[in-house]
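One-letter residues, chain by chain:
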Amino acid sequence: MAPQPALPTPRPAWPTGTAWVWGTAALLTLGKSTLGFAAAPGGPLPARPVFERNIRPILKAKCFQCHGEEEKPKGGVDLRLRRFLTAPHATEPVVVPGRPDTSRLLEVVRSGEMPKAGKALTPDQVAVIERWIRQGAPTARPEPQTVPAVVITEEERQHWAFQPIRRPGVPRVRSTRQVRTPVDRFLLAPLESERLGFAPPASPEALIRRVTFDLTGLPPTPEEVAAFVADPSDEAYERVVDRLLASTAYGERWARHWLDVAGYADSNGGAEADSERPWAWRYRDYVIRALNSDKPFDVFITEQLAGDELVAQPGAGLEGEDLDRVIATGFLRMAPDPTGDGPADADLARNQVIADTLQIVSSSLLGLTVQCAQCHDHRYDPIPQSDYYRLRAVFEPAFDWKQWKPPGQRVLSLMPAADRAAAERIETEAKQIDAEATRLHDELIEKFVQKQLTLIPEADREPVMAARKTPAAKRTPDHLALLRKHPTFQDHIILGEIDRPGADKVEEIRKRATAKRAEKPADPQVACLVEEPGRNLQTVLFHRGDHQQPRGGVSPGLLTLHGLGGLTIDIPSTNAATRTTGRRLELARRLTDRSNPLTARVLVNRVWLHHFGSGLVGTPGDFGALGERPTHPELLDWLADAFIASGWRLKPLHRLLVTSAAYRQGTVNPSAQRRDPDNRLLGRARLRRLDAESLRDGLLAVSGRLDPRPFGPPVPVAINPHGQCVVGRQKRDGNGDAVGVDALGSDEFRRTVYVQVRRSTPVGVLETFDAPVVNPNCEVRALSTVAPQSLMFLNDAFILERSKDLAERLLREKPEDPTGRLVRLWLLLFSRPPSADELRRTEAYLVRQAIHLAPPSGGPVDPKAPPKPSPEAQALASLCQVLMGSNEFLYVD
């Protein structure tokens, strides 16, 4: 297309409250990049670059903040339209079409003079600008005469994630014998185009171990493995899947995945104090119950965003579904919040809590980095700064930073009226006992003071009493001098000298008051978000994200890009039919509307990620321009559509995925390995390491220690004398310093989802194996292979204890059968029996190890020392330790 004529038009005024889509043609397909230029960095440059597709994204990312977003662009240079670049500026245009050597734009980006802030343009970006200018600086279409407030180009509009969800046809494939579900056809079609297919099916032992860990986070028992190996039919496998989905362990496992993206923690974070959140666990339990009951996910989302707006009156007396709805809003209380811990800048801390909450909501439900538009227009996605504050306005009536409540005040008491009346009556009685103690205490003091008065000069008596009765802060220098002259009238000395029997008696009365208060009924509370009626606040845009620089007001709404598919983005400021503004409730309804292209895609991609080891979109928290594109876009849409059609239920989606041939294939496929080393086509199952929770829970399960009790307050964590964070209750000295860890009994062996999550002190065993870092949330976990993981299996007390427990279990279950013990050990750890060679080598190891561990004959014996296990038992424990740290246990095949 020929370049547009240079028009010396001044920078146009921006109309307010309008959005405009640049052009009409659909220019890009799902398989191509939209960022900067069509080629990947380092790849071939586009042959015919045009402004909208190849140049504008670079300028938007690097230059618009100074040369486009401000009311007065710096130097008078506005780079948002091609005609602004070619218009005369000072003595010459910024761009001279056809003449890159005389174009000022190319000169300043090539030299690094611009941009002033941030990283310089890459060589590829400079090269594509040069080629564009040399070819006449073409545009893809005529440019507008005026620039509206929100600009979304056709290229941005055609980004794959913003297209409506449509159910594509299921592909035809040749290898129909490898098809079990429609999922397989979508995967086989591209495999067959590369003359590939699925790997052979996994063995029954490997498959049941894989699906059991995937759905429950626990290993299968030897009995479950034996039953499936005896009948590995499709019907038997489907019964296994249904059994796992119906177990409580399923909700505990999959709740942990959601708690990652929700940013769940039992502490407030954001400051060194990292104070505890004593009631956060109710939200964790809500998530587990919701998933176990297969609550429709649109309902699940709605309750978390606006559960308080669904009940008539949050407060005491709530029960059942209404109580769950209020508990669900704990989702909006998960962001780090140090506002109760005395932050240096309270206003800044409050606004950061709101910003983190918006980041959690947008990354978990939209798969977009909306937080990048807090200070300026998003550099890569079509999210203007005004959109960020429109979304903030949805939440502002419940997050009023000018009338803020710290975490300790954001709780709702569930105490019934009768219990509250009883508590008030008990408190009245306790205060009466306190008054008795105070009266006796005062009498003892007065008796001592009167006795001391007789011992000082009569002239000093009245002045000393006046000084003593004067509040310390109001005492004059004369008062202080008198009290120094007669120190026995100072309070701290009086308290140390009063009648000892009387002072024991006062303490006994106070203990009675404490005991009386202990009779109060418990006051169960919920950490939740409850919007107070009449809070119709006006949200303002913060210039550069600074709360001290407010600009014009904005109305609540969704992102402008949501309107591309016809979804209404404006949200009413109030709703006369509701007790509250209704803004969050309306947001939830829009997000779960079929016209929203993002939420269903984001959710099914996360489920796929946890079953297959990598998402169809490899960046589950970023479906925008900087995120990865889907490897199988038609499959992603088919799954999203099926998910919505099933009533937003997860369990049918799980069944569909884990019963597919793709899921059930083995990990070895030499042809696919050669042709597709990154396994993007899924021609084989991925070998996956157990995550931190499955590792700890799996060790507890095989050692026979796992306590399956569900729900309730978190199991506490503490710092041991070695500085490690472990499960246990902190032991402290008189100064409050940590001096050790008290055991918790069976609570120590509960599932990891019930262990306290402290942001500042993650449990050592979990941290070593990449436990989530929730700051503010965890979109996808890191996966590391580092030396401390091996060292942990050599030295960590938790590993050593579980090794001993497993050895004791084997000796208990197979007391007279050494070979049977080894077979049982293999079945517990690996879900398969040992080979003959493994048995032979292991038996030889146990003999050598027992000889090595035998005490020297004739040596001294300490009669007070606790009895040691036999050398044979110690040898077996060492074998258990070795095998627990083996790759076959740590990885799911």
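Let us look at the overall build of the protein chain. Scanning the protein chain from terminus to terminus reveals 34 helices and 12 strands. In terms of overall dimensions, the protein chain has a C-alpha envelope of 110 × 85 × 55 Å along the principal axes. Here the analysis covers contacts within the protein chain between residues at least 6 apart in sequence; of these, 71% occur between residues at least 24 apart. Per element, the accessible surface of the protein chain, about 40,400 Å² overall, is 53% carbon and sulfur.

This part is about the environment of Asp-308. Note on placement: Asp-308 falls in the loop between helix H12 (297–306) and helix H13 (320–328). Of the residues examined, Asp-308 reaches a relative accessible area of 0% and is grouped as buried. Expressed as a C-alpha distance, the spacing of Asp-308 and Arg-284, which sit 24 residues apart in the sequence, is 17 Å. Those residues within four positions of Asp-308 in sequence are excluded, and the remaining contacts are Pro-314, Arg-325, Thr-329, Leu-529, Val-530, Glu-531, Arg-579 and Arg-584.

Moving on to the packing of aromatic side chains. With the rule as written, the count across this model stands at 21 aromatic pairs. For the pair Trp-160 and Phe-623, a centre-to-centre distance of 5.2 Å together with 40° between the ring planes defines the contact as tilted. Here Phe-623 lies in the loop between helix H22 (599–612) and helix H23 (633–645) and Trp-160 lies in the loop between helix H5 (154–157) and helix H6 (182–193), a separation of 463 residues in the sequence. Phe-623 sits in the buried class, given a relative accessible area of 0%. Through a chain of ring-to-ring contacts, three or more aromatic side chains come together here, namely Trp-258, Tyr-283, Tyr-286, Phe-297, Phe-300, Phe-331, Phe-643 and Trp-648. The side chain of Arg-167 reaches across the aromatic face of Trp-638, ending 4.9 Å from its centre. Taking NZ or CZ as reference, Arg-210 lies 5.8 Å from the ring centre of Tyr-663, over its face.

A full pass over the atoms with the stated rule returns 0 disulfides. Here Cys-372 is not cross-linked by a disulfide; its sulfur's nearest cysteine counterpart is in Cys-375, at 9.6 Å. Cys-372 gets classed as partly exposed once you look at its relative accessible area, which sits at 36%.

Turning next to the nonpolar core. Trp-258, Tyr-283, Phe-297, Leu-305, Phe-395, Trp-608 and Leu-639 are the most contacted members of the largest nonpolar core, which has 129 residues in total. Both of domain 2 (176–229 + 609–688) and domain 3 (296–414 + 529–597) provide at least three residues apiece to this core. Filtering out sequence-adjacent residues up to four positions away, Trp-258 remains in contact with Tyr-283, Val-287, Phe-297, Phe-300, Gln-304, Phe-331, Ser-364, Leu-365 and Leu-603. Membership of the second largest hydrophobic core comes to 45 residues, among which are Leu-695, Leu-810, Leu-828 and Leu-829.

Two numbers describe how helix H7 (residues 204–216) lies on helix H8 (residues 222–230): the axes approach to 9 Å, and their chain directions differ by 130°. What the angle tells us is that H7 and H8 run oblique. Note on packing geometry: the crossing formed by H7 with H8 is right-handed. Residues Pro-204, Glu-205, Leu-207 and Ile-208 of H7 form the contact with H8, whose participating residues are Glu-224, Val-225, Phe-228 and Val-229. Class assignment of the residues belonging to the contact of H7 with H8 gives a composition of 6 nonpolar, no polar and 2 charged.

Running from N to C, helix H29 (residues 787–795) and helix H30 (residues 797–813) point in directions that differ by 50°, and their axes come no closer than 6 Å. Comparing their axes, H30 and H29 come out oblique. Like other packed secondary-structure pairs, H29 and H30 cross with a definite hand, here right-handed. Contacts between H29 and H30 pair Met-792, Phe-793, Leu-794 and Asn-795 from the former with Ala-797, Ile-799 and Leu-800 from the latter. Among the residues forming the contact of H29 with H30, the class breakdown is 6 nonpolar, 1 polar and no charged.

Attention now goes to the pattern of salt bridges. According to the stated counting rule, one finds 69 salt bridges in the structure shown. Within the structure, one salt-bridge network assembled from shared partners comprises Lys-295, Glu-303, Glu-321, Asp-322 and Arg-325.

Time to look at the domain arrangement of the protein chain. For the protein chain, the assigned domains read domain 1 (19–147), domain 2 (176–229 + 609–688), domain 3 (296–414 + 529–597), domain 4 (417–523), domain 5 (705–780) and domain 6 (797–854 + 867–892). Residue-level contacts link 11 residues of domain 2 with 12 residues of domain 6. For the pair domain 2 and domain 6, the summed buried surface comes to about 1,000 Å²; carbon and sulfur atoms form 55% of the total. When the buried area of domain 2 at its contact with domain 6 is split by residue, Arg-209, Pro-222 and Arg-688 rank highest and sum to 54% of it. Seen at the junction of domain 2 and domain 6, the total is 1 salt bridge. For Glu-223, the salt bridge identified is with Arg-824, shortest N-O distance 3.0 Å. Those elements giving two or more residues to the side of domain 2 that touches domain 6 turn out to be H7 and H8. Of the residues belonging to the side of domain 2 that touches domain 6, the class tally is 5 nonpolar, no polar and 6 charged.

This next bit is on the environment of Gln-385. Inspection of the secondary structure puts Gln-385 in helix H15 (residues 385–395). Separated by 157 residues in sequence, Gln-385 and Phe-542 have C-alpha atoms that sit 9.2 Å apart. Setting aside residues no more than four positions away along its own chain, Gln-385 makes contact with Ala-373, Gln-374, Cys-375, His-376, Asp-377, Leu-541, Phe-542, Arg-544 and Gly-545.

This part is about the environment of Pro-123. Following the sequence through the fold, Pro-123 ends up in helix H4 (residues 123–134). Sequence-wise, Pro-123 and Arg-629 are 506 residues apart; in three dimensions their C-alpha atoms are separated by 24 Å.

Most of helix H27 (residues 692–702) sits inside the fold, with 10 of its 11 residues counted as buried. Looking only at H27, the buried set comprises Ala-692, Glu-693, Ser-694, Leu-695, Arg-696, Asp-697, Gly-698, Leu-699, Leu-700 and Val-702. Remark: Gly-704 follows H27 within two positions and exhibits a positive phi of approximately 80°.

For an α-helix the count is 3.6 residues per turn, leaving residues at separations of three or four pointing the same way. Helix length check: helix H9 (residues 234–245) (12 residues) gives 16 Å between terminal C-alpha atoms against 16 Å at 1.5 Å per residue, within 8%. Tucked into the core, H9 has its buried residues touching H7, H8, helix H10 (248–262), helix H24 (650–658) and helix H25 (661–664).

The next subject is unusual backbone geometry. A cis geometry characterises the amide bond from Met-114 onward to Pro-115, with omega recorded as 0°. Relative to the helices and strands, Pro-115 resides in the loop between helix H3 (104–111) and H4. Positive phi, normally seen in glycine, also occurs at Arg-195, with a value near 60°. Within the fold, Arg-195 resides in the loop between H6 and H7. Even without glycine at this site, Arg-544 takes up a positive phi of about 55°. Relative to the elements of secondary structure, Arg-544 occurs in the loop between strand S5 (539–542) and strand S6 (550–554).

Quick look at the pairing of strand S11 (residues 738–742) now. Along a regular strand, successive side chains alternate from one face of the sheet to the other. Alignment of strand S10 (residues 729–732) against S11, held across 4 bridges, turns out to be antiparallel. Among the inter-strand pairings, Gln-730 is bridged to a residue of S11, identified as Val-741. What sits between the antiparallel neighbours S10 and S11 is a turn of 5 residues, in which Gly-736 has the positive phi angle 85°.

The rules behind each value
- Residues numbered from 1 in each chain as written.
- Predicted model: local features only at pLDDT ≥ 70, side-chain atom pairs only at ≥ 80, totals over all residues.
- Heavy atoms only, no water.
- Helix = DSSP H or I, 4+ residues; strand = E, 2+ residues; numbered from the N terminus.
- Contact = heavy atoms within 4.5 Å.
- Areas by Shrake-Rupley, 256 points an atom, 1.4 Å probe, with all protein chains shown as cover.
- Buried < 20%, exposed > 50% of the residue type's maximum accessible area, 1.4 Å probe, protein only.
- Phe/Tyr/Trp six-rings, centres within 6.5 Å; stacked < 30°, edge-to-face > 60°.
- Lys NZ or Arg CZ within 6 Å of the ring centre and 35° of its normal.
- Disulfide = S-S within 2.5 Å.
- Core = buried A, V, L, I, M, F, W, Y, C linked by side-chain atoms within 4.5 Å.
- Domains from an automatic or database assignment.
- Axes fitted to C-alpha atoms, helices over the stretch in contact; angles between N-to-C directions.
- Parallel < 35°, antiparallel > 145°, perpendicular 65-115°, else oblique.
- Left-handed = near helix turned anticlockwise from the far one by under 90°.
- Nonpolar A, V, L, I, M, F, W, Y, C, P; charged D, E, K, R; others polar.
- Salt bridge = Lys/Arg side-chain N within 4 Å of Asp/Glu carboxyl O.
- Buried area = accessible area lost by both parts, 1.4 Å probe.
- Expected span 1.5 Å × (residues − 1).
- Pairing = 2+ DSSP bridges.

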